[in-house]
Amino acid sequence: MSKTVKIYIVLLILIFIGVAAIEFSRPKPINWSQTYNETDKIPYGTYILYDQFKKLFPESEVKNIRTTPYEYFDALYNWEDSIYDTSGTYITISDYSGLDDVSAQELLDFVSYGNDVFMATNYPTRNIQDSLGIHIKNDYSFSGKADFSFANRKFKNDSITIEKGLGNYYFDELDSLNTTVLGYQKFDSIPRINFVKVKYGDGNFFLHLQPVVFTNYNLLKKNNKKYSETVLIN
């Protein structure tokens, strides 16, 4: 091997090392995926919220359910006595509920027995909408930010503005006999309903159409956590 070839090989190795060093020294790109996963510390994960659950609900046992609602609740239904061997509030946060029909019906049954479901999602599954007498609209033309407020003026100081990651989903039909309006969003001059309580059987569904407000990114901005706390505990 000639001296010239050796020099070229050394130069190539040095170039490779230099490029590798530059790549490793670059900051890791931010993952903006909207996972809503309680273990994710990325902007649109929900690690912070889940970590605070025990403080938000100090007198309650917090369980992380890793099966479908049907698998979890059906196993706890006592067919002999026609009751559930558990009670409480089921919380789910996602961009789209993605529930299969069997799991959606199981949640409806669970609520009818005097329990609650809190669902923060852009679009609850169709059979839940139909069962609760509600309809959701998505307005694709909207600005990038929105104001969020509560119907109860007692919480007017907990209003916030979100500037990123939103979709303009809102309730445009409600069952007025069983529904209580709890909150609004405003992308322009018109306030739209985005948070409701719907009585079903002996229990209640709490539906919030902007899951993004519960993510790490938004909980760390300004004093946004006050809004999320009010949604969950009032």
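In case you missed it, the structure is sitting above this.
In what follows, the accompanying structure is described. Every value quoted in this text rests on a predicted model; they were computed, and no experiment measured them.

## A closer look at the side chain of Asp158
Then, in step 1: Tracing the chain through its elements places Asp158 in the loop between strand S6 (146-150) and strand S7 (160-162).
Then, in step 2: Polar contacts involving the side chain of Asp158 include one to the side chain of Lys226, which spans 3.5 Å.
Then, in step 3: Excluding its chain neighbours within four sequence positions, the residues that come into contact with Asp158 are Phe150, Lys226, Tyr227 and Thr230.

## Focus: the nonpolar core
Then, in step 1: Core analysis: the biggest nonpolar cluster contains 26 residues, and Leu49, Phe118, Phe148, Phe214 and Leu232 have the highest contact counts within it.
Then, in step 2: Contact partners of Leu49, with chain neighbours within four places excluded, come to Leu56, Ile93, Phe214, Leu219 and Leu232.
Then, in step 3: Listed in part, the 23 residues of the second largest apolar core include Phe73, Leu99, Val111 and Val198.

## Digging into the packing of aromatic side chains
Then, in step 1: Considering all chains together, one arrives at 20 aromatic pairs under this definition.
Then, in step 2: Plain terms: the ring middles of Phe73 and Tyr90 are 5.6 Å apart, the flat faces sit at 70 degrees to each other, and that makes the pair edge-to-face. Taken together, the residues Phe73 in helix H3 (residues 69-74) and Tyr90 in strand S3 (residues 89-93) connect sequence positions 17 residues apart. Here the two residues Phe73 and Tyr90 agree in accessibility, since each one is buried.
Then, in step 3: Put simply, the rings of Tyr72, Phe73, Tyr77, Trp79, Tyr84, Tyr90, Phe110 and Tyr113 touch in pairs and so form one group of aromatic residues.
Then, in step 4: Looking at Lys41, its charged tip hangs above the ring of Tyr47, at a distance of 4.8 Å from the centre.
Then, in step 5: One Lys or Arg, Lys164, reaches over the ring of Trp32 and ends 4.8 Å from the middle of that ring.

## Focus on unusual backbone geometry
What you tend to see is this: most non-glycine residues have negative phi, and most peptide bonds are trans.
Then, in step 1: Phi at Ser82 takes a positive value of approximately 55 degrees, unusual for a residue other than glycine.
Then, in step 2: Along the chain, Ser82 turns up in the loop between strand S1 (77-78) and strand S2 (83-84).
Then, in step 3: Not every positive phi belongs to a glycine, and Lys222 is a case in point at roughly 50 degrees.
Then, in step 4: Mapped onto the fold, Lys222 is located in the loop between helix H6 (216-219) and helix H7 (225-233).
Then, in step 5: Residue Lys222 is classed as exposed on the basis of its relative accessible area, which comes to 76%.

## Things to note about the packing of helix H2 (residues 47-56) against H7
Then, in step 1: The geometry of H2 relative to H7 is characterised by a closest axis approach of 12 Å and an angle of 55 degrees between their N-to-C directions. Relative to H7, the element H2 lies oblique. The hand of the H2/H7 crossing is right-handed. The residues of H7 that touch H2, namely those facing Leu49, Phe53 and Leu56, are Glu229, Leu232 and Ile233.
Then, in step 2: Its residues placed into classes, the contact of H2 with H7 shows five nonpolar, no polar and one charged.

## Some thoughts on H2
Then, in step 1: All of the buried residues in H2 are Leu49, Phe53 and Leu56. For H2, the buried positions fall inside an angular range of 80 degrees around the axis, keeping them on one side. In H2, the exposed positions that point more than 90 degrees away from the buried face belong to Lys54 and Lys55.
Then, in step 2: Packed against the buried residues of H2 are S3, H6 and H7.

## A closer look at the side chain of Asn224
Then, in step 1: Tracing the backbone shows Asn224 in the loop between H6 and H7.
Then, in step 2: Judged by its relative accessible area of 5%, Asn224 falls in the buried class.
Then, in step 3: Sequence-distant contacts of Asn224, defined by excluding residues within four places in its chain, comprise Ile160, Thr161, Ile162 and Asn218.

## Some details on the environment of Asn37
Then, in step 1: Here Asn37 shows up in the loop between helix H1 (3-25) and H2.
Then, in step 2: Along the chain, Asn37 and Tyr47 lie ten residues apart, while their C-alpha atoms are 7.0 Å from each other.
Then, in step 3: If sequence neighbours within four positions are ignored, Asn37 has contacts with Gly45, Thr46 and Tyr47.

Conventions used here
- Residues numbered from 1 in each chain as written.
- Predicted model: local features only at pLDDT ≥ 70, side-chain atom pairs only at ≥ 80, totals over all residues.
- Heavy atoms only, no water.
- Helix = DSSP H or I, 4+ residues; strand = E, 2+ residues; numbered from the N terminus.
- Polar contact = N/O pair within 3.5 Å; in protein donor to acceptor, adjacent residues only side chain to side chain.
- Contact = heavy atoms within 4.5 Å.
- Core = buried A, V, L, I, M, F, W, Y, C linked by side-chain atoms within 4.5 Å.
- Buried < 20%, exposed > 50% of the residue type's maximum accessible area, 1.4 Å probe, protein only.
- Phe/Tyr/Trp six-rings, centres within 6.5 Å; stacked < 30°, edge-to-face > 60°.
- Lys NZ or Arg CZ within 6 Å of the ring centre and 35° of its normal.
- Axes fitted to C-alpha atoms, helices over the stretch in contact; angles between N-to-C directions.
- Parallel < 35°, antiparallel > 145°, perpendicular 65-115°, else oblique.
- Left-handed = near helix turned anticlockwise from the far one by under 90°.
- Nonpolar A, V, L, I, M, F, W, Y, C, P; charged D, E, K, R; others polar.
- Arc of directions from axis to C-beta.

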